[in-house]
Structures are given as C-alpha cells and as structure tokens.
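Letter by letter, the chains look like this.
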Amino acid sequence: FHDLNFTAGHNYTLAPLSEITILGSLNATGTCTAMINISPEVGYLASIISALPINVSYVRMRSVVASGGGTFTATHSMDLCCNTGWTFVPPPVKNLYWVGNTGNWNDGNHWSLTSGGAPAGCPPVETDNVIFDANSFTIPGQSVIMNAIGYCRNMNWTGVTNVPTFAIQGTSQFYISGSFTLDPAMHIMYTSIIILNAKTPGHTVTTAGHLMSRVWFNGIGGEWTLQDTFNSDYAVTLSGGTLNTNDQTINAVQFWVLGFYTPKTLNIGSSVFNLSGRQPFSLSNDGLTVTSGASVINLTND
C-alpha cells in the first residue's frame, strides 16, 4: 500500500502470517469512545513494514510485528500481547465513578472523574479503575448493562447502595486487568465470560457470596488471590499467570487448567474443591506448577 486508512470504532483482522508493506502512511486514529482493534487471526502473527515513521492512536493491538527501519508509535493505545517493534504510550491511569443510575457500560455519560460528579465522556479502558459507590444509584432497581466488549483495570462495588444489578448480556466479554471486588448489596447476572487478564502480580478476587458463571484467569505474568468462597455454575479456568486459592472453598461445575500460555502456577493450599460436572478437574502440565497442602477435591457427578 501507499496509504492505508483504518476507521475509528472498527475491528481489523489481518491475514495470518501476512506482510503489509506501507510506502506512505498508516492512518489509524481512534477516539476514547471508538477505539480501533488491530490483530491477525488467533495464533498467528502479522507484519507491518515501513521505512517511514508510523504513528497511530487510540488503538488496541495484538500480535503485530513492526519492521523496515521506521519508528512505530502507538499513543493512548493498548499493547494486548505479543507486539514487537512498537512503542506504546498507554492512556494515564484514572479513577472513573459510575453515575446516573441505569445505563450502558460503554456510555461515557455514565462515568465521572469524581464520585457523583459530571460525566467525563469516555468509557473505561484497560488502565482505568472503575468504582461503584453510594452516589452511583439514587433509586432502587437500577442496572449497569454491558452488551458489548467491556474493559477496566480494578473494579470495586464496595459500599454501593440501592441494590443495583450488573448485567453482562448476550455474548459480551468483560476484560479486567486488575482486581475484582463485588459487594453483597448488589446483583450480578451473566451467561457469557469474565476474563481476568492482569499482567502484574498482587491482584485479588472478592465475589461477596455471588454466584458466578464463566471466569477465566488468563494473564501472562498476572497473579490473583481469592478473598472468599468462590461459587460458579460453570467452569473456572486458569490458562496463564498465578492463582492463589488462599485456602478458600471453590464450588463449581469444572475447574480446568489449560495449556494456552506458560508459565502457570496453581497454589491450592488447603482449599476444598466441590465440582459437579463431567471432566470436572483437568490440569494441563504445559508449564504448570502446582503447590498444595491439605487440599480436598470432591467430585459429585455420577
């Protein structure tokens, strides 16, 4: 190509193992409300070759190799995994507070830089901490609805009032790159998947007694420690990073460790696993380390 233009708010899937040579410019300028996603098909790399400087902004990128002598810079952008040759400048870390009762997760009018404050105009990205507090919901029966892909760093519902509902609908996927904290005075409803994809240690998971569905621990270099009993009506999966069950009880249909990413560490201590599904406890030994104490695994499927 001479010039290659990508439009804000769209997803671009590059052909597997492709090489894209750009003689002029790559124009990929998203916004905080309409980021651009660039990646090849799963499991492959794609190459962008240019001798001239390439500058993109508000982009999420995975598995794209930059070469050719030019400089490649992605500002306000997310390095999801496995990119080489790029300089990423992520957005600054912000605290975003939910405001305005019922609304859609990706509506920037429901996120404020202060508790109960004016809308900031941008939905959360992977570097943002999201907070639901006493100023988020002023009347009962309100909902936070996620019907598309959602992102955040740490999510905290501690101290929320008026018993709101967090509803992840349809096939939506929710990516959390930090800690996950629910509160007893709320509801959570979903049949899709929550993906914990932290790349750093020291994160926690507090479910506050709520019944979870699919939860996937999937962060290269990430670490999570359970803070209370974990209940799930589906499979709990570890495919990258370190999971410390912290002697907590896990009630689930299945508990799987998959071989997608290495290394993986499972510290199960004295936890009790109560598993009710078929093929309930499955460990892939691909780069896996397991440490255990007086742990118990109860399998109840006939």
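Residues numbered from 1 in each chain as written. Predicted model: local features only at pLDDT ≥ 70, side-chain atom pairs only at ≥ 80, totals over all residues. Heavy atoms only, no water.

What follows concerns the sheet that holds strand S33 (residues 272-275). Strand order in the open sheet formed by five strands is S26-S28-S30-S33-S36, with parallel pairing between adjacent strands. In the strand order of this sheet, the two ends are held by strand S26 (211-212) and strand S36 (296-299), each with one partner. Bridging between S26 and strand S28 (residues 230-232) involves two bridges; their strand directions are parallel. Each residue of the ladder has a partner; that of Leu211, found in S28, is Asn231. (Pairing = 2+ DSSP bridges. Helix = DSSP H or I, 4+ residues; strand = E, 2+ residues; numbered from the N terminus.)

Here three bridges tie strand S3 (residues 19-21) to strand S6 (residues 46-49), and the two strands are oriented parallel to one another. Bridging across to S6, Glu19 finds its partner in Ser47. For S6 and strand S9 (residues 64-67), the ladder comprises four bridges, and the chain directions are parallel. Bridged to Ser47 within S9 is Val65.

Even without being glycine, Ser63 reaches a positive phi, approximately 60 degrees. Residue His76 is not a glycine yet carries a positive backbone phi of 50 degrees. Looking at where His76 falls in the secondary structure, it is placed in the loop between strand S10 (72-75) and strand S11 (78-81). Judged by its relative accessible area of 33%, His76 falls in the partly exposed class. (Buried < 20%, exposed > 50% of the residue type's maximum accessible area, 1.4 Å probe, protein only.)

With respect to the element layout, Asp228 can be found in the loop between strand S27 (214-226) and S28. Judged by its relative accessible area of 17%, Asp228 is buried. Residues Asp228 and Asn101, 127 residues apart in the sequence, show an inter-C-alpha distance of 28 Å. Look past the residues within four positions of Asp228 in its chain and what remains in contact with it is Val205, Thr206, Thr207, Ala208, Gly209 and Gln248. Reaching out from Asp228, the side chain makes a polar contact with the backbone nitrogen of Thr207 at a distance of 3.2 Å. In this structure the side chain of Asp228 is engaged in a polar contact, spanning 2.8 Å, whose partner is the backbone nitrogen of Ala208. (Contact = heavy atoms within 4.5 Å. Polar contact = N/O pair within 3.5 Å; in protein donor to acceptor, adjacent residues only side chain to side chain.)

Turning to the pattern of salt bridges, a few remarks are in order. For the structure shown, the criterion picks out two salt bridges. The closest approach of N and O atoms between Arg60 and Glu126, which form a salt bridge, is 2.8 Å. Here the residue Arg60 occupies a position in strand S8 (residues 59-62), and Glu126 occupies one in the loop between strand S15 (111-112) and strand S16 (129-131), the gap between them amounting to 66 residues. Accessibility assignment for this pair places Arg60 and Glu126 in one class, buried. Residues Asp128 and Lys94 are paired through a salt bridge, measuring 3.1 Å at the closest nitrogen-oxygen approach. Of this pair, Asp128 sits in the loop between S15 and S16 while Lys94 sits in the loop between strand S12 (87-89) and strand S13 (95-98), and the two are 34 residues apart along the sequence. (Salt bridge = Lys/Arg side-chain N within 4 Å of Asp/Glu carboxyl O.)

Looking at the secondary structure, you find Asn274 in strand S33. Taking the C-alpha atoms as reference points, Asn274 and Thr300, 26 residues apart in sequence, are found 7.5 Å from one another. With sequence-adjacent residues up to four places away left out, Asn274 is seen in contact with Thr249, Ile250, Asn251, Ala252 and Asn298. At a separation of 2.8 Å, a polar atom in the side chain of Asn274 contacts the side chain of Asn251. In this structure the side chain of Asn274 is engaged in a polar contact, spanning 2.8 Å, whose partner is the side chain of Asn298.

Moving on to the state of the cysteines. Counting across every chain of the model gives two disulfides. Across the disulfide from Cys32 sits Cys122; the S-S distance is 1.9 Å. Taking the sign of the S-S torsion, about -70 degrees here, the bridge from Cys32 to Cys122 comes out left-handed. You can see Cys32 sitting in the loop between strand S4 (26-28) and strand S5 (36-40) and its partner Cys122 sitting in the loop between S15 and S16, a full 90 residues away along the chain. By relative accessible area, which is 23% here, Cys122 ends up partly exposed. One disulfide in the model links Cys81 with Cys82; its S-S distance is 2.2 Å. Residue Cys81 is classed as buried on the basis of its relative accessible area of 12%. When the bonded cysteines of the chain are counted from the start of the sequence, the pairing works out to 1-4, 2-3. Unpaired in this structure, Cys152 has its nearest cysteine sulfur neighbour in Cys122, at a distance of 16 Å. (Disulfide = S-S within 2.5 Å.)

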